[in-house]
Protein chains: 2
Amino acid sequence: MRIPLTPQSTSPLYQQIESYLRQGILSGSLPAETRLPACRQLAHDLGVNRATVENAYAKLQADGLVFSRMGSGTYVLPSNPLAEGIKNNPEKDWPLWQKSVQARSLKSKSDTVEEMLQAAGHPHPIHFASGVSDSRQFPVNEFRKVIQSVMRRDQIAALEYGEGNGYAPLRAGITRILASQGLQTSPENILITAGSQQAIFLVSQVLLKPNDIVLVEDPTYSGALDLFRTLGFQIIGIPMDGQGMQVDKLEKLLQQHHPKLIYTVPNFHNPTGTCLSSARRRQLIVLADRYNVPILEDDFVGDLRYEGHAQPSLKALDTGGQVIYVSTFSKMLMPGLRVGFIVANGPIYDSLLNFKRLSDQATSTLIQRALDTYVTIGRYQAYLRRSGQIFRKRRDTMLNAIQQYLPDEVSFDSPKGGLFIWLRLPQPISTDALLPVACKEGVSFVPGNFFFTDGASGEEWMRLNFAAQTEEDIEEGIRRLGKAMQQIKTING
Amino acid sequence: MRIPLTPQSTSPLYQQIESYLRQGILSGSLPAETRLPACRQLAHDLGVNRATVENAYAKLQADGLVFSRMGSGTYVLPSNPLAEGIKNNPEKDWPLWQKSVQARSLKSKSDTVEEMLQAAGHPHPIHFASGVSDSRQFPVNEFRKVIQSVMRRDQIAALEYGEGNGYAPLRAGITRILASQGLQTSPENILITAGSQQAIFLVSQVLLKPNDIVLVEDPTYSGALDLFRTLGFQIIGIPMDGQGMQVDKLEKLLQQHHPKLIYTVPNFHNPTGTCLSSARRRQLIVLADRYNVPILEDDFVGDLRYEGHAQPSLKALDTGGQVIYVSTFSKMLMPGLRVGFIVANGPIYDSLLNFKRLSDQATSTLIQRALDTYVTIGRYQAYLRRSGQIFRKRRDTMLNAIQQYLPDEVSFDSPKGGLFIWLRLPQPISTDALLPVACKEGVSFVPGNFFFTDGASGEEWMRLNFAAQTEEDIEEGIRRLGKAMQQIKTING
């Protein structure tokens, strides 16, 4: 092959070779399956170093234009009509089975809202829609050093498959932390998962099949609703009040619907921020026992209490193995670490473990080992103290700002912990209609209907995250929210 | 409270306080809900530093004996009857719903075998049952430095939730690597998963429901069989020969069973090591298209070729969006990293993405970012060259050892790549019966029946991993295997 080269050119020789061949391939003059000359041969023909030709070939290969077969040479690739342009366009003439794949909502609710806020283009947007706490608090460099020391210490073991139920020292550490929170269990009853989302997923898969009924607080965590809907469960809501789930209405629902699961968030409920009262906790366990229904307790921020007395978790009151407890480090740590856990007793533990193995074998050993080193009980307690102080102040800032900037008719309970204020607007403002106006003002929230079982109720409610923003931004955000509400009022009035 | 202290003791003061209180709690003299004195008060009473008392309380708390309520004091915890001793014993009087939870096999096949080998107690056991390649090849320290530099560079972003379908630069990098292997696709068609196990799991969940039919090669990968069984699918086997799946028998099965999926491992098949011939690849796609059945192509080691010509992947031949391709970095990298990927076109991509989000939100961002930096095309090619040389030698060592140490009647095909030799023993040796004898000799393998759809056929077969051991151990392991076969023969004869 003869390739015209210009040694005096500013473009290096390997680039000249590469661009000559690229033009040939793209124009079709070097059709698919053409074998390019061996590097050694071409280098000899052109009077250049072999490495120069190798560099040119490597670049073509990296761009998917040629294909090297070991011991056989380098060939021009056919261009694949699926590779470019068509993508996943639902209008294309896809195979029939593709058309029957269920179309589904693709984004989490808070992602949808955050995108709306970004799209509105405010120069300094303030996010109250987040479902997590403030990541800026996390000491990245300290954690980086922990990962380093774990890799130096454990070498290859830090990167191999670990135990299916999780790294044993981490399970023991979680046992100690739970004990310090009043929940006694043992490491054999802990199953490490990829965040609490996977924990809820595994429990759902093991206990329910499509069309089975699950009882949930109404409203409840939208991620659980999305999951239950996708898995084809029937979802029945239990009404709530300021004390959490109205357990006195539960017995009738149990008799009427024969549910396979009760899903509950008893502490600093998402979205309402309420805590289930002590008396109701005991009642709930008695009823679940009487009607033979497992309870899935989602304790996503049960430890983030800023005032008042802690309630025992449902799992701590469970003596018969009725309660499956799920929680996560994602709030204390970083959500991207993807480590949560299940506490379960009885035969279901092994079923969950088996399903975990079949879903993804095991959770990343390296991250588990790093967490084991990082999450000491001392660091955990220090985190609770520090974030308790910070988040409590932020909550108070938001409550004050609400009183200052929002109409007198809004109503809310002051949450004693967690991340959220659940705010009721005066009629006839719909939070769904308010959201785009608020985004234009540069502030977001999650509209209430995202959390209701029917997907429609609750349009007078909104969920505000007070933990993820600075006090300054909280005040400014609520001021903007007040402005947006003024505008809506004017339109409506 | 008066606690007798001995300042002259070798045991520090905080320990004396702690052990005094511990005895009180364990003996019941300090019953549950007892409020311990405030640290300040007790320190004053005992005439010690406040920190001394705090240390004692912290130790009790870490051990789950006391429980500190913020702003209220430290209380003795009740002991939880579920916390110790009872564990997950299936004999206990569990709630009824626990008893109906399906009992399931809990271990992967190779884990079961490895445990049997360990239990046999040989001082230098040799593992031929592994499903992965040789982890000792992996440069842990190089990877540690990559993680470091990624965390320094990306800071908090390395630990936050990432994109649901995976870190975009990593998806682009995978596109380039696939192109260098002859498969052109685009980053929007790649979905990062927690290993290829999760990839197969997601495809199964999106496309099939219980009692649906899946066609598989018979034998096939036991992890897929376990998964399909647990999800309640009906599994129909397609016979194989030296060219892979007998595609000429496929059409009848398609007509008869109306399957919802064809699961296939066309390259260096697990367990047989065969490659599907070029002609059959094209036939398979035509048939899947005609009968409107998606193909799930599991290309777990398609790049590990030691000789002969590469075949295009089924996905590379797919112009209509019929093929869903799954692969993993677990073999090149470390299995504990848990990163695999799906390549899919058409509406199913969004369904898979949605199901991924509901299963575990996303795969660890940190590991994805580290892989993006680590897995350059140059390093990937270098890995293929190096492991190609090493594994080829090991294969040849095993083949030679088989000829030297095993009876002449064994039969096998020499695999052109991958990790496994599929060995047929002379009748009437059953590999299931041979396994305990081999383990006593200090060598393991996976018995053939683990891989068959009926769980029973194939007892004359065994799978041997030639890639995970040194040449020395391979020779010694096969020698031991020969010895075990001699013993079985003697018993049988």
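So, how was this worked out
Residues numbered from 1 in each chain as written. Chains lettered and ligands numbered in written order. Predicted model: local features only at pLDDT ≥ 70, side-chain atom pairs only at ≥ 80, totals over all residues. Helix = DSSP H or I, 4+ residues; strand = E, 2+ residues; numbered from the N terminus. Buried ≥ 20, exposed ≤ 12 C-beta atoms within 10 Å, placed from the backbone. Contact = placed C-beta atoms within 7 Å. Pairing = 2+ DSSP bridges. Least-squares fit on C-alpha atoms with pLDDT ≥ 70 in both. Expected span 1.5 Å × (residues − 1). Nonpolar A, V, L, I, M, F, W, Y, C, P; charged D, E, K, R; others polar. Domains from an automatic or database assignment. Axes fitted to C-alpha atoms, helices over the stretch in contact; angles between N-to-C directions. Parallel < 35°, antiparallel > 145°, perpendicular 65-115°, else oblique. Left-handed = near helix turned anticlockwise from the far one by under 90°. Right-handed = clockwise from strand over helix to strand, strands pointing away. Core = buried A, V, L, I, M, F, W, Y, C linked by C-beta atoms within 7 Å. pLDDT = per-residue confidence, 0-100.

Take the overall build of chain A next. Along the backbone of chain A there are 17 helices and 16 strands. Once the C-alpha set of chain A is aligned to its principal axes, its extents read approximately 90 × 60 × 50 Å. Buried residues in chain A amount to 52% of all 493 residues. Looking at chain A alone, contacts between residues at least 24 apart form 72% of all its contacts between residues at least 6 apart.

This part is about the pairing of strand β16 (residues 461–465) of chain A. All names here are of chain A. Most of β16 sits out of view: five of its five residues are buried. Burial along β16 is two-sided: the residues Trp461, Arg463 and Asn465 and Met462 and Leu464 are all buried. Relative to β16, strand β13 (residues 420–424) runs antiparallel, the two sharing five bridges. The residue of β16 that forms the bridge with Ile421 is Leu464. In the sheet, strand β15 (residues 446–447) pairs with β16 via two bridges, with the strands oriented antiparallel. Its bridge partner lying in β16, Pro447 is registered against Met462.

Quick look at the relation of the copies chain A and chain B now. After a rotation of 180 degrees and a shift along the axis of 0.1 Å, chain A superposes on chain B with an RMSD of 0.2 Å. Within this description, the copies of the chain are treated as partners about a two-fold rotation axis. Within chain A, A:Gln148 has its C-alpha nearest the rotation axis, a separation of 3.6 Å.

Take helix α8 (residues 195–207) of chain B next. Here α8(B) contains 13 residues, and its C-alpha end-to-end distance of 19 Å stays within 8% of the 18 Å for a straight helix at 1.5 Å per residue. Burial analysis of α8(B) places 13 of its 13 residues in the buried class, the great majority of the element.

Sheet strands pair by backbone hydrogen bonding; their relative direction is either parallel or antiparallel. With respect to topology, three strands assemble into an open sheet ordered β13-β16-β15 (chain A), the strand pairing being antiparallel. If you trace the sheet from one side to the other, it starts and ends with β13 and β15 of chain A, each paired once.

What follows is about the interface of chain A and chain B. With 99 residues of chain A in contact, the opposing surface of chain B contributes 98 residues. In terms of residue count, helix α13 (residues 348–360) of chain A provides more of the side of chain A that touches chain B than any other element does, ten residues in total. Within the side of chain A that touches chain B, the residues separate by chemical class into 41 nonpolar, 39 polar and 19 charged.

Partitioning chain A into domains gives domain 1 (13–76), domain 2 (109–131 + 383–492) and domain 3 (140–375). Computed over C-alpha atoms only, the centres of domain 1 of chain A and domain 3 of chain A are separated by 55 Å.

Residue and element names in this part refer to chain A. At a closest axis distance of 9 Å, the pairing of helix α7 (residues 168–180) and helix α14 (residues 365–374) adopts a crossing angle of 40 degrees. It follows that α7 is oblique to α14 by the angle criterion. Here the hand of the crossing between α7 and α14 comes out left-handed. Seen from α7, the contacting residues are Pro169, Leu170 and Gly173; seen from α14, they are Gln368, Leu371 and Asp372. Considered class by class, the residues forming the contact of α7 with α14 number three nonpolar, two polar and one charged.

Right, let's talk about the packing of α8(B) against helix α9 (residues 222–230) of chain B for a bit. All names here are of chain B. Running from amino to carboxyl end, α8 crosses α9 at an angle of 35 degrees, the nearest separation of the two axes being 11 Å. Seen from above, α8 lies across α9 with right-handed handedness. Seen from α8, the contacting residues are Gln197, Ile200, Phe201 and Ser204; seen from α9, they are Gly223, Ala224, Leu227 and Phe228. Residues of the contact of α8 with α9, tallied by class, amount to five nonpolar, three polar and no charged.

Moving on to the environment of A:Gly232. Residue and element names in this part refer to chain A. The topology assignment puts Gly232 in the loop between α9 (222–230) and β7 (234–241). C-alpha of Gly232 to C-alpha of Leu46: the two residues are 186 residues apart in sequence and 65 Å apart in space. When neighbours within four sequence positions are excluded, Gly232 is seen to be in contact with Pro210 and Asn211.

Moving on to the sheet that holds strand β15 (residues 461–465) of chain B. With respect to topology, three strands assemble into an open sheet ordered β12-β15-β14 (chain B), the strand pairing being antiparallel. With partners counted over all chains shown, the strands left at the sheet margins are β12 (420–424) and β14 (446–447) of chain B, one partner each.

Turning to α14(A), a few remarks are in order. Taken across its ten residues, α14(A) has nine buried, putting it largely inside the fold. Tucked into the core, α14(A) has its buried residues touching α6 (140–154), α7, β5 (190–193) and α15 (377–405) of chain A.

What follows concerns the pairing of strand β10 (residues 295–298) of chain A. All names here are of chain A. Burial of β10 is two-sided: the residues Ile295 and Glu297 facing one way and the residues Leu296 and Asp298 facing the other way are all buried. Bridge count for strand β9 (residues 261–264) against β10 is three bridges, and the pairing is parallel. Paired with Ile262 across the bridge in β10 is Ile295. Taken together, β9, helix α11 (residues 278–290) and β10 form a β-α-β motif whose crossover is right-handed.

A separate point is the nonpolar core. By size, the foremost hydrophobic cluster in this structure holds 239 residues, and its most contacted members are A:Ile324, A:Ile342, A:Leu352, B:Ile324, B:Ile342 and B:Leu352. In this view, A:Ile324 contacts A:Val203, A:Pro294, A:Ile295, A:Leu296, A:Glu297, A:Ile342, A:Ala344 and A:Ile348; residues no more than four positions away in its chain are not counted. Listed in part, the 18 residues of the second largest apolar core include B:Ile17, B:Cys39, B:Val76 and B:Leu77.

Residue position: A:Arg144 is located in helix α6. Taking the number of C-beta atoms within 10 Å as the measure of exposure, A:Arg144 has 20 and is therefore buried. C-alpha of A:Arg144 to C-alpha of A:Ala370: the two residues are 226 residues apart in sequence and 9.1 Å apart in space. In this structure A:Arg144 touches B:Gln148 and B:Met151, once residues within four positions along its chain are discounted.

Here we come to unusual backbone geometry. Residues and elements named next belong to chain A. For the bond from Asn270 to Pro271, the omega torsion is 10 degrees, close enough to zero to count as cis. With respect to the secondary-structure elements, Pro271 resides in the loop between β9 and α11. Cis peptide bonds are those with omega within 30 degrees of zero, and the linkage from Gln427 to Pro428 qualifies with -5 degrees. Its location among the elements puts Pro428 in the loop between β13 and α16 (431–441). The phi dihedral of Asn211 falls on the positive side, at around 75 degrees, and the residue is not glycine.

Let us look at the confidence of the model for chain A. Should pLDDT be low for a region, the predicted coordinates there are not to be read in detail. Scored by pLDDT, chain A has a mean of 89; 95% of the residues are at 70 or more. Among the scores for the predicted complex, ipTM is 0.83 and pTM is 0.85.

Quick look at the environment of A:Tyr325 now. Residues and elements named next belong to chain A. Topologically, Tyr325 is positioned in strand β11 (residues 323–328). When the C-alpha atoms of Tyr325 and Asp212 are compared, they prove to be 21 Å apart, with 113 residues separating the residues in sequence. Excluding its chain neighbours within four sequence positions, the residues that come into contact with Tyr325 are Glu297, Asp299, Ser313, Lys315, Ile342 and Val343.

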